[in-house]
Amino acid sequence: MSGKITFTMIKPDAVKNGYTGKILDQIITNGFQIRGMKYLQLTEEKAGEFYAIHRERPFFKDLVSFMTSGPIVAAVLEKENAVADFRNLIGATDPSKAEPGTIRNLYAKSIDANAMHGSDSDENAAIEAAFFFSAFERY
Ligand code: IDP
Ligand code: MG
């Protein structure tokens, strides 16, 4: 069975707090297959480029500074309906509004330090996967 892909990052707060193992286990248990994974720390330039769509938002500077504050785990995940299913698994952007049992409900403390990234469309999943993994580059 070949599914669609989504892109995720375990953000610096969740890595720092020791949740990487539990989060990866929850992702795999929920039927996602890991197609690429790396542990890295973003530079300001890379984080700014990744979140360029939010450049005009008031929280942009804080977002870049948070995302560069420590190592992350970046991964490409495959599953049927990957983008929507993964957004359901991570829960709402604001963890206080995230459904019980979702990753943000379990492991995030605030809207800025919210533990996880998940792509919001198939198109962005392809762009974001290629941003980190040459195996997903398209020419
Ligand atoms: P998403 O991560 O759920 O897709 P987006 O709206 O795409 O949410 O925002 C990207 C990231 O920017 C969020 O995950 C969060 O870390 C941060 N963010 C979004 N809205 C706010 C805000 O109102 N204050 C602070 N940070 C925010
Ligand atoms: Mg988003």
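It should be noted that the structure appears before, not after, this text.
Residues numbered from 1 in each chain as written. Chains lettered and ligands numbered in written order. Predicted model: local features only at pLDDT ≥ 70, side-chain atom pairs only at ≥ 80, totals over all residues. Heavy atoms only, no water.

Novice: What is the right way to look at the pattern of salt bridges in this model?
Specialist: Opposite charge on two side chains allows them to pair when their charged atoms are near. A complete count under the given rule lists 4 salt bridges for this structure. With its nearest N and O atoms 2.5 Å apart, the salt bridge here joins R35 to E78. One end of the pair, R35, is in strand β2 (residues 33–40); the other, E78, is in strand β3 (residues 72–79), and 43 residues separate them in sequence. On the accessibility criterion, R35 (41% relative accessible area) is partly exposed. (Salt bridge = Lys/Arg side-chain N within 4 Å of Asp/Glu carboxyl O. Helix = DSSP H or I, 4+ residues; strand = E, 2+ residues; numbered from the N terminus. Buried < 20%, exposed > 50% of the residue type's maximum accessible area, 1.4 Å probe, protein only.)

Novice: So what exactly am I meant to see when it comes to the nonpolar core here?
Specialist: Note on soluble globular proteins: their nonpolar side chains tend to be buried together. Judged by nonpolar contacts, the single largest core of 20 residues is most densely connected at I10, I23, I27, F32, F86, I103 and M116. Examining the composition of this core, we find that 4 residues originate from one element, helix α5 (residues 82–90), more than from any other. Not counting the four nearest positions on each side in its chain, I10 is found in contact with V15, T20, I23, L24, I72, V73, A115 and M116. One finds L42, A47, L63 and F66 within the second-largest nonpolar core, a separate group that totals 19 residues. (Core = buried A, V, L, I, M, F, W, Y, C linked by side-chain atoms within 4.5 Å. Contact = heavy atoms within 4.5 Å.)

Novice: How do you make sense of the pairing of β3 when you look at a structure like this?
Specialist: Side-chain positions along a regular strand alternate between the two faces of the sheet. With respect to burial, β3 is a largely interior element, 8 of its 8 residues being buried. The side-chain alternation of β3 yields two buried faces, one formed by I72, A74, V76 and E78 and the other by V73, A75, L77 and K79. Bridge count for strand β1 (residues 4–10) against β3 is 7 bridges, and the pairing is antiparallel. Bridge pairing in β3 places T6 opposite L77. Summarising the sheet, β2 and β3 pair through 7 bridges and their orientation is antiparallel. Bridging from a neighbouring strand, Y39 pairs with V73 of β3. (Pairing = 2+ DSSP bridges.)

Novice: Explain the side chain of E78 here, please?
Specialist: With relative accessibility at 14%, the residue E78 sits in the buried group. Reaching out from E78, the side chain makes a polar contact with the side chain of R35 at a distance of 2.5 Å. (Polar contact = N/O pair within 3.5 Å; in protein donor to acceptor, adjacent residues only side chain to side chain.)

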